[in-house]
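# Tertiary structure, described
The chain contents come next:
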Amino acid sequence: MGKHTEVLNNSGKKQYFYPNRMGRVVLLGMEEILGHGGINAVLNLADLSVYINDYPPYNQDLKFPFTHISHLQAGLESAYGPRAGRGLALRVGRACLKYGLREFGSELGLTDLAFRLMPLQTKLTTGSEAFAALFNNYTDQQVSLERDEKYIIWHIQRCPLCWERQADGPCCHLAVGLLQEALFWVSGGKYFEVEEKKCIACGDSACTILMNRTPMS
Ligand SMILES: [Zn+2]
């Protein structure tokens, strides 16, 4: 689905990208949660000091490599330890939604009154489809959706968060935080249980995140 000329890395493997403005959204979300010193420490650990005080521009160019996204997540874990790093990644994911809506809100088309007035389950279906389409249409990330009576199931077939990583357990925490916050926003303020069950970093064929369709309270 890449909308750019094919880019190969040194070993001849195809590279995948987020648009610059989505890389920017991730860095802004990180800075909000970690503070200026925190994000600079993570950028140094991730070998991405090139972004210190110099975030990618607000444009649609597919120039922010998947490797940078996964290195940011790994840098977060090495800076704060796996446990605290996980909690922080969830919070960063939530914070990213705010900046993401600022950037991509109009493309999502979920802000009009007609959407606000839909029943909850219709909102969850329409909303999750719009979010998946955003990734599929504007980034190299590939998402597909399934639904059963209990869950909306979000499969990331090509995932920047764990790109080229290996892990003992699912590690795409930023996506979990982002989806939690997206459901909160789409539902007009309800909390939903969201959990990553499978992860490419653990050898699975996709990163699979379950979103419970019933709010927690
Ligand atoms: Zn993943």
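Scope of this entry: the structure provided in the associated data block.

Here we come to the overall build of the chain. In terms of regular secondary structure, the chain is built from six helices and six strands. Counting only C-alpha atoms and orienting by the principal axes, one finds that the chain spans roughly 50 × 40 × 35 Å. Within the chain, the proportion of its 217 residues that are buried is 52%. When contacts within the chain are restricted to residue pairs at least 6 apart in sequence, those whose partners lie at least 24 apart make up 67%. Accessible surface for the chain amounts to roughly 10300 Å². Of this, 50% is attributable to carbon and sulfur atoms.

Those donors, Cys159 (SG), Cys162 (SG), Cys172 (SG) and Cys207 (SG), are the protein atoms that reach the zinc ion, and they lie 2.1 to 2.4 Å from it. Between the four donor atoms coordinating the zinc ion, the angles at the centre fall across 98 to 119°, so the site counts as tetrahedral. All donors to the zinc ion come from one chain, and their sequence spacing reads C-x2-C-x9-C-x34-C. On the criterion of sequence distance, the pair formed by Cys162 in the loop between strand 4 (151-158) and helix 6 (173-186) and Cys207 in strand 6 (residues 207-212) is long-range, its members being 45 residues apart. Residue classification places Cys207 among the buried positions, given a relative accessible area of 0%.

Turning to the environment of Gly127, a few remarks are in order. Mapped onto the elements, Gly127 comes out in helix 5 (residues 120-138). For Gly127, a relative accessible area of 1% translates into the label buried. C-alpha of Gly127 to C-alpha of Asn20: the two residues are 107 residues apart in sequence and 23 Å apart in space. In this view, Gly127 contacts Leu110, Phe115 and Val186; residues no more than four positions away in its chain are not counted.

Turning next to helix 2 (residues 66-80). The end-to-end C-alpha distance of helix 2 is 22 Å, a good match for the 21 Å that 15 residues give at a rise of 1.5 Å each. Elements in contact with the buried residues of helix 2: strand 1 (17-19), helix 1 (20-45), strand 2 (62-65), helix 3 (82-108), strand 4 and helix 6. Within two residues after helix 2, Gly81 carries a phi angle of roughly 90°, on the positive side.

Quick look at the environment of Asp61 now. By secondary structure assignment, the location of Asp61 is in the loop between helix 1 and strand 2. What makes Asp61 partly exposed here is its relative accessible area of 38%. Distance in space between the C-alpha atoms of Asp61 and Asp168 is 34 Å, their sequence separation being 107 residues. Ignoring any residue separated from it by four or fewer positions in sequence, one finds Asp61 in contact with Tyr18, Pro19 and Asn20.

Taken in spatial order, the four strands line up as 3-4-6-5 in an open sheet, and their pairing is antiparallel. One side of each edge strand has no neighbouring strand; the edge strands of this open sheet are strand 3 (142-147) and strand 5 (194-198). Here the strands of the sheet are splayed against their neighbours by 25° on average, with no regard to which way each runs. Note: strand 4 against strand 6, six bridges, orientation antiparallel. Bridged to His155 within strand 6 is Thr208. Relative to the sheet, helix 5 contacts strand 3 and strand 4, its axis offset from that of strand 3 by approximately 160°.

Across all of its chains, the model carries six salt bridges by this definition. Residue Arg21 is joined to Glu107 by a salt bridge in which the shortest nitrogen-to-oxygen separation is 2.6 Å. Of this pair, Arg21 sits in helix 1 while Glu107 sits in helix 3, and the two are 86 residues apart along the sequence. The exposure class of Glu107 is partly exposed, given its relative accessible area of 32%. As a salt-bridge pair, Arg165 and Glu77 come within 2.9 Å of each other at their nearest N and O atoms. Residue Arg165 is found in the loop between strand 4 and helix 6, and its partner Glu77 is found in helix 2; the two are separated by 88 residues along the sequence. In this structure Glu77 comes out as buried when scored by relative accessible area, which is 17%. Each of the salt bridges in this network shares a partner with another, and the network as a whole consists of Arg21, Glu103 and Glu107.

Criteria and cut-off values
- Residues numbered from 1 in each chain as written.
- Predicted model: local features only at pLDDT ≥ 70, side-chain atom pairs only at ≥ 80, totals over all residues.
- Heavy atoms only, no water.
- Helix = DSSP H or I, 4+ residues; strand = E, 2+ residues; numbered from the N terminus.
- Buried < 20%, exposed > 50% of the residue type's maximum accessible area, 1.4 Å probe, protein only.
- Contact = heavy atoms within 4.5 Å.
- Areas by Shrake-Rupley, 256 points an atom, 1.4 Å probe, with all protein chains shown as cover.
- Donors = N, O, S within 2.8 Å, 3.2 Å for Na, K, Ca; no water.
- Tetrahedral: all angles 85-135°; square planar, octahedral: opposite > 155°, others 65-115°.
- Expected span 1.5 Å × (residues − 1).
- Pairing = 2+ DSSP bridges.
- Axes fitted to C-alpha atoms, helices over the stretch in contact; angles between N-to-C directions.
- Salt bridge = Lys/Arg side-chain N within 4 Å of Asp/Glu carboxyl O.

These figures come from the coordinates and say nothing about function on their own.
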